[in-house]
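Listed here are the chains, written in short residue letters.
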Amino acid sequence: MKREIKTNILVVNPQPWQDYVLLDSGNGQKLERLGDHLLIRPEAEAIWKPALNMKEWQKAEAVFQPAPEENGGHWQFRKPIPKEWQLQYTDLRCVIRLSNSRHVGIFPEQAPQWDFIRNCAFQQPGAKILNLFGYTGLATLAAAAGGAQVTHVDASRKAIGWARENQELSGLLSKPIRWIVDDALKFVQREARRGSKYDGIILDPPKFGRGPKGEVWEFYALLPVLLEVCHQVLSPDPMFLLITAYAVKASSLTLGTALSSLMKDLPGITRNGELVLMDSSANRPVSTSVFALWAHPKQDLGVFSA
């Protein structure tokens, strides 16, 4: 069957939205406005100098101080600030929460993906979508808002609880969403044995992680296995398969080649590239992650069509 494979790198950034702005970047940090609050978080990609002066950076209410280990650290508060507040994207709402992590519950650069997923769901009402490593659920909520039946899987019970809060805030409690606390690979393997099928699959795997029963996830060792099982649970005429990866050395070309090889039995379009945020101070792209997308030719690729 004929397939289209593009090997050039797409740079995809979200359109400006009211509740989130990357104000500036540099010196290994980013200055962000999330709702009414200014935060400074680490950003290894920002190896240049900030465009704004230090007076602007000093307005930040909280700064995340990373620890020597990869995932450790703490927030340093410069002034009183709520430990949580709400953020809105279109008609979706989420809780922003400051904990012992640099992550606050949302990845704003994924907004173009949410739009794509929602549009796919809208074009095929009742489609079944599987979201693996679903975190706090913005992709899940976008799919549900578009009319899909969604299965959301994450190894963290805390993340699932957070996602369900976001579902309620977004007014989507009546939508068909299955919330599953499980190891992603084990869950999909069971679904394959059951003969379950999905019209779209979203994967946002970490570099390293642990399942609820101590299962070890390692990106390079297990992603090929997971992709093969995902292929088994795709419906005969699927809409899409989308992978996003953070903090890994893999090129988006690697992910794109893996997807095009995996889906060689179906007509489709493969795209790969980087998700970026543009800082408003100097219009500089800050690369946050790599992605690869396989989509059925009938799907509107939107910003992924370039």
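Going by the structure above, here's the rest.
Residues numbered from 1 in each chain as written. Predicted model: local features only at pLDDT ≥ 70, side-chain atom pairs only at ≥ 80, totals over all residues. Heavy atoms only, no water.

## A closer look at the environment of D265
Then comes step 1: Within the secondary structure, D265 is located in the loop between α7 (252-262) and β17 (269-279).
Then comes step 2: Reaching out from D265, the side chain makes a polar contact with the side chain of H231 at a distance of 3.2 Å. (Helix = DSSP H or I, 4+ residues; strand = E, 2+ residues; numbered from the N terminus. Polar contact = N/O pair within 3.5 Å; in protein donor to acceptor, adjacent residues only side chain to side chain.)

## Some words on the pairing of strand β12 (residues 177-181)
Then comes step 1: As judged from the five bridges shared by strand β11 (residues 149-154) and β12, these two strands associate in the parallel manner. Across the sheet, residue V153 finds its bridge partner in β12, namely I180.
Then comes step 2: The handedness of the β11 to β12 crossover, carried by helix α4 (residues 157-169), is right-handed. (Pairing = 2+ DSSP bridges. Right-handed = clockwise from strand over helix to strand, strands pointing away.)

## Examining the pattern of salt bridges
Opposite charge on two side chains lets them pair, provided their charged atoms get close.
Then comes step 1: This structure, assessed with the given rule, holds 13 salt bridges.
Then comes step 2: A salt bridge links K59 to E56, with the nearest nitrogen and oxygen atoms 3.2 Å apart.
Then comes step 3: Note that D237 and K298 form a salt bridge whose closest N and O atoms lie 3.5 Å from each other. With D237 in the loop between α6 (219-232) and β16 (240-245) and K298 in the segment after β18 (284-295), the pair connects residues that are 61 residues apart, well separated along the chain. (Salt bridge = Lys/Arg side-chain N within 4 Å of Asp/Glu carboxyl O.)

## A look at the packing of aromatic side chains
Then comes step 1: Across all of its chains, the model carries 11 aromatic pairs by this definition.
Then comes step 2: Aromatic pair F116 and F240: ring centres 5.5 Å apart, planes at 70°, arrangement edge-to-face. Here F240 lies in strand β16 and F116 lies in helix α2 (residues 111-123), a separation of 124 residues in the sequence.
Then comes step 3: Geometrically, the ring pair formed by F116 and F304 is edge-to-face, given 5.8 Å between the ring centres and 75° between the ring planes. Taken together, the positions of F116 in helix α2 and F304 in the segment after β18 put the pair 188 residues apart, joining distant regions of the chain. As far as burial versus exposure is concerned, F116 and F304 are alike and both buried.
Then comes step 4: Among the aromatic side chains, those forming a connected cluster through ring pairs are W17, Y20, Y89 and W114. (Phe/Tyr/Trp six-rings, centres within 6.5 Å; stacked < 30°, edge-to-face > 60°. Buried < 20%, exposed > 50% of the residue type's maximum accessible area, 1.4 Å probe, protein only.)

## Things to note about α2
Then comes step 1: With 13 residues, α2 should reach 18 Å at 1.5 Å per residue; the first-to-last C-alpha distance of 19 Å fits that figure.
Then comes step 2: When α2 is considered as a whole, its buried residues turn out to be A111, P112, Q113, W114, F116, I117, C120 and A121. (Expected span 1.5 Å × (residues − 1).)

## Overview of the environment of T288
Then comes step 1: Tracing the backbone through its elements, the reader meets T288 in strand β18.
Then comes step 2: Spatially, the C-alpha atom of T288 lies 13 Å from that of I106, the residues being 182 residues apart in sequence.
Then comes step 3: In this view, T288 contacts E109, Y246, L275, V276 and L277; residues no more than four positions away in its chain are not counted.
Then comes step 4: Separated by 3.4 Å, the side chains of T288 and S289 make a polar contact. (Contact = heavy atoms within 4.5 Å.)

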